[in-house]
Amino acid sequence: MKSVRVRFAPSPTGYLHVGGLRTALYNYLFARKNNGKFVLRIEDTDRSRYVEGAVENLTSALKWCGLDFDEGPQVGGKFGPYLQSQRLDIYQKHIQELIVKGDAYYCFCTPARLETLKEEQQKQKLPQAKYDKLCLSLSKSQIENNFSNKIPFVVRLNVRPNQKIIFDDIIRSHVEFDSNNVDDQVLIKSDGYPTYHFANVVDDHLMEISHVIRGEEWLSSTPKHVLLYDSFGWERPVFAHLPLLLNPDRSKLSKRQGDVAVEDYRTKGFFKEALVNFVALLGWNAGDDKEFYLMNELINNFSLERVNKSGAVFDIEKLNWLNAEHLRKKTNNDILLMLKESIQKSEFSNQNYSDEFLLSIIGAMKERVSFVNEFITSCQYFYTAPTEYEQKSIEKNWDSETSNILRKLRDAFASLQNPTKEDFELGLTNVATELNIGKGKLIHPLRLAISGISTGPGVFDIVTILGKEEVIKRIDTALEKIK
Ligand code: GLU
C-alpha cells in the first residue's frame, strides 16, 4: 500500500466549525493509525471571503484539540507552500496543460449573459443551470483577439456529454454521476485565481495525498475532480465522504440552532478531550457500545470502514454527559488547578482558599458536576454563607419545633473538640435519640441552614468541609432569619 498522506483543507472563514473539527479529526486519526502524515492546507483562493486572523484561529483551535499536523503553514514541509494563495503560478502552469488537451477552454461570456442564460434555464425548469458551452466554439484568432482587447475571461472545464462518471468511495461505495448533470465548472476565475475544484485537485496530486476524507457536501463536486484527475492522467486518491451533521430535528446543522465554533465550546468550559470524544462519535463507532474514548484509544480503534453513511445527529446532551465522564477521569489535583483558574474569574477572586479546602470540595462534588465551573456555581455555599433559603424546603422541612431542635443540635456541635465527620454524625444521632425524633427532622433543616438549598452532597460532608465554627454561625443566622 502507498504511504498514507491525508490533509485537512479548510477555507479560512474565521473559526473552526465543529463539522470541520470532525473532518480534521478523522483525517488525523486515520493518519496516526496508519503511520501516515497529516497535512494542513489552507484553501484561501476565494479572496472575497478572506478573513483577517482566520488561519491563526484555525490552527490554535486544532492545536487546542490536540490535532498536531506534520506539514502545514506554520510547520512547513517539502510539499509547501501550504497556503493556496502562494501557489498561483502552479495552477497557471497546470491549466495550460488542460487547455492544450481541449479539456479546458477560455470563456469570455459576460456576467450579464450568464445571468440571462440562467433565467432562461430556470424558465424551462431545467433541474440545474449549466453553462451552454458557447465559448467552446471560439476560434484561435477570436480568442487572441479577445485577449488583445483585454476582455475578461475565465477558464472552464470541458465536460463531455453522455458519459458516466464513476468512482469509489470508502463510505458510500460505488458512486455514479451522469456527465449531463455536471456543469462546465470554472477552474480559473477572472482574477486569475483558481477555484476550489482546480486548486484542490492540483494540490492533492502534488502533495501526494493518498486519501481524501471530507464532508458529504463535497460529494457532488467529486465528479468534476475525477474528470480533472483523468484528464491529467493522475492516479485518483481514495475518497471517503463523511456523513452530514444534523440538528436533533434532522435539519442540517446550522449556526442558528446553537454553537458551531470549537472556540464557543472551549469558552463554555468543555474539555478538549470531551469535545474530541464527542465529535469522533458523530458518524463513527467501533462496532460496540463503548462511548468513552481518549485520543490514543480513538487512534487504535478508528477505521473509515466503520463510518456510517447516514447523517449524524449533534446531541448536546451527549456532549454534556461526556464532559462529566471526562471530568471524573481527571485527578483531583488536575481539577484543583482548573478550579483555581475559575475562581480567579469568579466573584470570589479576592478570597484566599487553601488547596486542602478546595480539594475537599472537589472530592464532595466530583460525582455531581459536569463542568469545572460548577464546583463554584452549583455549591456557592462552600464559598459564602447563604443569604436566602429555598422557600419550598422551608415549607417542607421547617415547622414550629424546628427552631428548638436546631438549637439543641447547635449546642451539641459546639461542645465537640476538633470534630471529624463521624463526630458530627454521632452528635446529631445523640440529639435525635435524646429528643426521640427521626434524624430527618434534624438533617433537612441543618442542610437548609448551612447551604440555603435542599440538594448537594451528604450533609455531614458539607458540615465537615465548612468546619464547626462556620456551621454554628450559619445555624444561628438561619434561626434568626427563618421563623
Ligand atoms: N476548502 C474546502 C473546505 O472548505 C475543502 C474541501 C475538501 O476537503 O476537499 O472544506
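Residues numbered from 1 in each chain as written. Predicted model: local features only at pLDDT ≥ 70, side-chain atom pairs only at ≥ 80, totals over all residues. Heavy atoms only, no water.

(A) Highlighting the site of the ligand. In the neighbourhood of the ligand, the contacting residues comprise Arg7, Ala9, Ser11, Glu43, Tyr196, Asn200, Arg214 and Trp218. Here a nitrogen atom of the ligand sits 2.8 Å away from a polar atom, N or O, in the main chain of Ala9. Residue Asn200 places a side-chain N or O atom 3.0 Å away from an oxygen atom belonging to the ligand. Starting from 290 Å² of accessible surface for the ligand in isolation, the protein chains cover 85%. With respect to the detected pockets, the ligand is housed in the largest pocket. (Near = heavy atom within 4 Å. Polar contact = N/O pair within 3.5 Å; in protein donor to acceptor, adjacent residues only side chain to side chain. Areas by Shrake-Rupley, 256 points an atom, 1.4 Å probe, with all protein chains shown as cover. 1 Å grid on protein atoms, 1.4 Å probe; cavity = no way out; pocket = protein on both sides within 12 Å on 5 of 7 lines; lining within 4 Å. Sits in = over half its atoms within 2 Å of the grid points.)

(B) Local environment of the pattern of salt bridges. In the structure shown here, the tally under the stated rule is 27 salt bridges. Lys330 serves as the salt-bridge partner of Glu273, at 3.2 Å between the closest nitrogen and oxygen. Separated by 57 residues along the polypeptide, Glu273 in helix α9 (residues 272-280) and Lys330 in the loop between α11 (316-329) and α12 (332-344) bring together distant segments of the chain. One network of salt bridges, with partners in common, ties together Arg7, Arg41, Glu43, Arg87, Asp203 and Asp204. (Salt bridge = Lys/Arg side-chain N within 4 Å of Asp/Glu carboxyl O. Helix = DSSP H or I, 4+ residues; strand = E, 2+ residues; numbered from the N terminus.)

(C) Just the nonpolar core, in detail. Grouped together as the largest cluster of nonpolar side chains are 54 residues, with contacts concentrated most on Phe38, Leu67 and Val262. Sort the elements by how many residues they give to this core and helix α1 (residues 18-33) lands first, with nine residues. Once you skip the residues sitting within four places of it in the chain, Leu67 turns out to touch Leu21, Ala24, Leu25, Tyr28, Phe38, Leu62 and Met295. Within the second largest apolar cluster, 52 residues are counted, among which are Ala364, Leu406, Leu466 and Val471. (Core = buried A, V, L, I, M, F, W, Y, C linked by side-chain atoms within 4.5 Å. Buried < 20%, exposed > 50% of the residue type's maximum accessible area, 1.4 Å probe, protein only. Contact = heavy atoms within 4.5 Å.)

(D) Local environment of the pairing of strand β2 (residues 37-40). Across four bridges, the pairing between strand β1 (residues 5-8) and β2 is parallel. In the strand pairing of β2, Phe8 is matched with Leu40. Since β1 and β2 lie parallel, the crossover through α1 that links them has a hand, and here it is right-handed. (Pairing = 2+ DSSP bridges. Right-handed = clockwise from strand over helix to strand, strands pointing away.)

(E) Representation of the sheet that holds strand β4 (residues 154-157) in the model. One open sheet holds the three strands; their spatial order is β3-β4-β7, and the pairing between them is antiparallel. For this open sheet the edge positions go to β3 (104-107) and β7 (186-188), each flanked by a neighbour on one side alone. Taking the axes of each pair of neighbouring strands and ignoring which way they run, one obtains an average angle of 45° across the sheet. Examined bridge by bridge, β4 and β7 share two bridges and lie antiparallel to one another. From the neighbouring strand, Arg156 faces β7, where its bridge partner is Val186. (Axes fitted to C-alpha atoms, helices over the stretch in contact; angles between N-to-C directions.)

It is worth stressing that arrangement in space is one thing and function is another; only the former is reported here.
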